[in-house]
Amino acid sequence: MKIAYSPCPNDTFVFHAWAHGLIPGAPELDVLYADIDITNKLAAEGSGPDVLKISYAALPWVLKDYALLPCGGALGRGCGPLVLMKQSGAEGTAGRTETAGTMPDPAMLSGRRVAVPSERSTAYLLFRLWAAQNVPGGVGEIVVMPFHEIMPAVRDGLIDAGLVIHEARFTYPSYGLALLTDLGSWWESDTNLPIPLGAIIARRSMDLEALAGWARASVEYAWAHPEASRDYVMAHAQEMDPQVAQQHIDLYVNEFTADLGESGYGAVLTLLQRAAEEGLVPQMDYAALLK
């Protein structure tokens, strides 16, 4: 069976047991390791593998052919994307100087250029939903650029602000940047729900109940035998420090990975309904998420 997921530690940790034939009755996996932007496109084109890890933000484009599995994916708290600008006290491209020690005013983004790593990601949807509430008149131009180029572009004044994810949470001060807002904290305080990040989807023509059972068994095996997956995780972790890889797993592999539950489904529905109201994603049959 063909499957696509990222080489990130949380995905390799979750699928290690299944990929190595350790789940009784589960079919052998032919794994494609791919960035989520690639899997989003494969699913939207309908030419992708049988099972994929995609962004929850991409679900409205693929639910005709694929169903959401209730396990194996990533939702979380305290792990949201950040919006960054130049550090307080430095002259920013928005044309004003912030007083040292103060939080930049979100209104500074009004009509400005903002760099984002993708327009079909939860990070992007959260940013646009936050901006609709907090930026008078809305932001100006959205510029899509590779993730690793965003912080240097903000630092060098090529862009007014940047939307960043993952390890940038810990490294942005070294670029002379300041936090404008933590979108995860905003989302959680606004909704009291976790952040929907990565979804596991499967072709509707398949035995979805069996697939969910094998995925959940792989998660449970990973938790029961955390040492078993270590070599596999590190082989794909792109020179990541083992401690950082473990922190990545601890953050993104949680109770929602084993089962979305009422709170998990509620988070997904809330995100996509709000995004549809803002015209960011197509209107969809929300009942399709549950079957």
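This text follows the structure it describes.
Applying the stated criterion across every chain yields a total of seven aromatic pairs. Summarising the aromatic geometry, the rings of Tyr5 and Tyr33 are spaced 5.7 Å apart at their centres and angled 90 degrees between planes, so their arrangement reads as edge-to-face. Here Tyr33 lies in strand S2 (residues 30-33) and Tyr5 lies in strand S1 (residues 2-5), a separation of 28 residues in the sequence. Judged by its relative accessible area of 32%, Tyr33 is partly exposed. An angle of 40 degrees between the planes, with centres 6.4 Å apart, marks the rings of Phe15 and Trp18 as tilted. Residue Phe15 and its partner Trp18 are both found in helix H1 (residues 9-19); the two are separated by three residues, about one turn of the helix. For the pair Phe15 and Trp18, one class covers both residues: buried. A network of ring pairs unites the aromatic residues Tyr5, Phe15, Trp18, Tyr33, Trp214 and Tyr232 as a single cluster. Here Arg120 stacks its cationic end above the ring of Trp61, 3.8 Å away from the centre of that ring.

This part covers the pattern of salt bridges. Evaluation of the coordinates by the stated rule reveals seven salt bridges. Note that Arg113 and Glu141 form a salt bridge whose closest N and O atoms lie 3.0 Å from each other. You can see Arg113 sitting in the loop between strand S6 (82-86) and strand S7 (114-116) and its partner Glu141 sitting in the loop between helix H3 (122-134) and strand S8 (142-144), a full 28 residues away along the chain. Overall, Arg113 belongs to the partly exposed group, its relative accessible area being 32%. Ionic pairing is found between Asp190 and Arg274, a salt bridge with its closest N-O pair at 2.6 Å. In this pair, Asp190 is assigned in helix H6 (residues 183-191) and Arg274 in helix H11 (residues 261-277), connecting sequence segments 84 residues apart. Using a relative accessible area of 33% as the deciding quantity, one classes Asp190 as partly exposed.

This part covers the pairing of S6. In terms of residue burial, S6 counts as a mostly covered element, since four of its five residues are buried. The pairing of S6 with strand S9 (residues 161-164) spans three bridges and is classified as antiparallel. Across the sheet, residue Leu82 finds its bridge partner in S9, namely Val164. In this sheet, strand S10 (residues 177-182) lies alongside S6 in antiparallel orientation, the contact comprising five bridges. The residue of S10 that forms the bridge with Met85 is Ala178.

On the basis of which strands lie adjacent, the open sheet formed by five strands has the order S8-S7-S9-S6-S10 and mixed pairing. On the outer flanks of this sheet lie S8 and S10, each paired with one strand and no other. Between one strand and the next, the sheet's axes are offset by a mean angle of 30 degrees, whatever the strand orientation. Here H6 sits on the sheet and contacts S6, S9 and S10; the angle it forms with S10, its principal contact strand, is near 20 degrees.

A word on the packing of H3 against H6. Taken N-terminus to C-terminus, the directions of H3 and H6 make an angle of 70 degrees; their axes are 10 Å apart at the nearest point. For the element pair H3 / H6, the angle class is roughly perpendicular. Crossing of H3 against H6: the hand is left-handed. For the pair formed by H3 and H6, the contact residues are Ala123, Leu126, Phe127, Leu129, Trp130, Gln133 and Asn134 on the first element and Leu183, Trp186, Trp187 and Asp190 on the second. When grouped by side-chain class, the residues that make up the contact of H3 with H6 number eight nonpolar, two polar and one charged.

Criteria and thresholds
- Residues numbered from 1 in each chain as written.
- Predicted model: local features only at pLDDT ≥ 70, side-chain atom pairs only at ≥ 80, totals over all residues.
- Heavy atoms only, no water.
- Phe/Tyr/Trp six-rings, centres within 6.5 Å; stacked < 30°, edge-to-face > 60°.
- Helix = DSSP H or I, 4+ residues; strand = E, 2+ residues; numbered from the N terminus.
- Buried < 20%, exposed > 50% of the residue type's maximum accessible area, 1.4 Å probe, protein only.
- Lys NZ or Arg CZ within 6 Å of the ring centre and 35° of its normal.
- Salt bridge = Lys/Arg side-chain N within 4 Å of Asp/Glu carboxyl O.
- Pairing = 2+ DSSP bridges.
- Axes fitted to C-alpha atoms, helices over the stretch in contact; angles between N-to-C directions.
- Contact = heavy atoms within 4.5 Å.
- Parallel < 35°, antiparallel > 145°, perpendicular 65-115°, else oblique.
- Left-handed = near helix turned anticlockwise from the far one by under 90°.
- Nonpolar A, V, L, I, M, F, W, Y, C, P; charged D, E, K, R; others polar.

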